[in-house]
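# Descriptive analysis of the structure
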Amino acid sequence: MSAETPVQSTGTFTRLRLRFRDWRGTRPFWAGLFTLLGGIPIAYFPYATLKLGHMSLAMATTAGAGSLIIGVLLVTLGLTMWFQSATRVFAGVASILLALVSLVVSNIGGFLIGFLLALVGGALALSWAPGEPPVEAAGEYDGVDAPTGEAAPDATPHDPSVAPQFPAVSFEKGEDGEADGVRAAGGHRVG
């Protein structure tokens, strides 16, 4: 490649894919997706009419409204995890509780499909933590903070053949004659 060769820009698909990947990395994406997908079968199955050959199987129950409410709330909590990641703990706990309630209210939690998806989504939301910002590259130092190539004064090379040195300790006896604690060489009491 020469200096005169024009730089080819990345395609639209690649640019959109990278932007989506950056967006997805800053929030509990999979937790929101599982929670959102868990709400769909919970809300759908009580209103569905399944056909088995010539026989119709209606799943409608008196708790159909409850199933619809639970399903819509789970979809809303999934979207909340995506767009308001600061409320992930509340959304995770609420989705776990709604998944447990759906076992009783909504045909065994949407035939366990919605229950398991919402439960996993809530657990992922509770366990997700925001990442740390990337560390600056080594070549971006200037002035006093520039690396000199020398080791720090406290940094000594570690030789695995040398045993580590521990400070000397002494045992103190209390008034009753029993060991009262351990005092390190620096005078700090341990225990």
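## Comments concerning the environment of L112
When you line up the elements, L112 lands in the loop between α5 (107–111) and α6 (113–127). L112 gets classed as partly exposed once you look at its relative accessible area, which sits at 40%. Put simply, L112 and G38 are 74 residues apart on the chain and 9.4 Å apart in space, counted from C-alpha to C-alpha.

## Let's talk about a nonpolar patch on the surface
There is a patch of nonpolar side chains on the surface, built from V89, V93, L97, L100 and L126 and spanning about 400 Å² of accessible area. A per-element tally of the nonpolar patch places helix α4 (residues 88–105) first, with 4 residues. Within the fold, V89 resides in helix α4.

## With respect to helix α2 (residues 29–44)
The terminal C-alpha atoms of α2, which comprises 16 residues, lie 23 Å apart, in line with the 22 Å expected from a rise of 1.5 Å per residue. All of the buried residues along α2 are F29, A31, G32, T35, L36, G38, G39, P41, I42 and A43. Buried positions along α2 lie against α1 (12–25), α3 (64–83), α4, α5 and α6.

## A closer look at the packing of α2 against α3
Running from amino to carboxyl end, α2 crosses α3 at an angle of 165°, the nearest separation of the two axes being 7 Å. Comparing their axes, α3 and α2 come out roughly antiparallel. The two elements α2 and α3 meet at a crossing, and its hand is left-handed. Contact residues: F29, A31, G32, L33, T35, L36, G38, G39, I40, I42 and A43 in α2; S67, L68, I70, G71, L74, V75, L77, G78, L79, M81 and W82 in α3. Of the residues assigned to the contact of α2 with α3, the class counts are 15 nonpolar, 7 polar and no charged.

## What about the confidence of the model for the protein?
In this model, the protein carries a mean pLDDT of 77, and residues with pLDDT of at least 70 account for 62%. Within the protein, α6 carries the highest mean pLDDT (94), whereas strand β5 (residues 189–190) carries the lowest (52).

## Description of unusual backbone geometry
Leaving glycine aside, a negative phi is the common case for residues, and trans is the common case for peptide bonds. The phi angle at F111 is positive, at roughly 55°, despite the residue not being glycine. As for its position among the elements, F111 is in helix α5. Here L112, not a glycine, exhibits a phi torsion of approximately 65°, which is positive.

## Some thoughts on the packing of α3 against α4
Angle between the axes and distance between the axes are the two parameters that describe a pair of packed helices. Between α3 and α4, the least distance of the axes is 10 Å, while the angle of their chain directions is 160°. Regarding the angle of α3 to α4, the classification is roughly antiparallel. Crossing angle aside, the handedness with which α3 passes α4 is left-handed. Contact residues: α3 offers G66, S67, I70, L73, L74, L77 and M81, while α4 offers F90, A91, G92, A94, S95, L98, V101, S102 and V105. Taken together, the residues of the contact of α3 with α4 sort by class into 11 nonpolar, 5 polar and no charged.

The rules behind these values
- Numbers given for residues are sequential positions, taken from 1 along each chain in its written order.
- Totals for whole chains, interfaces and linings use all residues, but because this is a predicted model, local features are given only for residues with pLDDT of at least 70 and pairs of side-chain atoms are given and counted only at 80 or more.
- Just so you know, side-chain values use all the structure's heavy atoms and leave hydrogens and water out.
- Helix numbers and strand numbers start at the N terminus; a helix is a DSSP run of H or I with at least 4 residues, a strand a run of E with at least 2.
- Buried residues are those whose accessible area, probed at 1.4 Å on protein chains only, stays under 20% of the maximum for their type, while exposed residues exceed 50% and partly exposed ones sit between those limits.
- Patch definition: residues with relative accessible area over 30% and no salt bridge; like charges joined within 9 Å; nonpolar side chains (Val, Leu, Ile, Met, Phe, Trp, Tyr) joined within 5 Å.
- Computed by Shrake-Rupley with a 1.4 Å probe, the accessible areas treat only the displayed protein chains as cover when residues are assessed.
- Only one rule defines a salt bridge in this text: a Lys or Arg side-chain nitrogen within 4 Å of an Asp or Glu carboxyl oxygen.
- By this rule the span expected of a helix is its residue count minus one, scaled by 1.5 Å.
- The contact criterion used throughout is that any non-hydrogen atoms of two residues lie within 4.5 Å.
- Note on method: axes are straight lines fitted to C-alpha atoms, helices fitted across the in-contact stretch only, with angles between N-to-C directions ranging 0 to 180 degrees.
- Roughly parallel means an angle under 35 degrees; roughly antiparallel means over 145; roughly perpendicular covers 65 to 115; every other angle is labelled oblique.
- Helix crossings get a hand from a simple test, with the near helix turned counterclockwise from the far one by less than a right angle marking a left-handed crossing and a clockwise turn marking a right-handed one.
- Residues are grouped as follows: Ala, Val, Leu, Ile, Met, Phe, Trp, Tyr, Cys and Pro are nonpolar; Asp, Glu, Lys and Arg are charged; all remaining types, including Gly, are polar.
- Summary of the metric used: pLDDT quantifies the predictor's per-residue confidence within the range 0 to 100.

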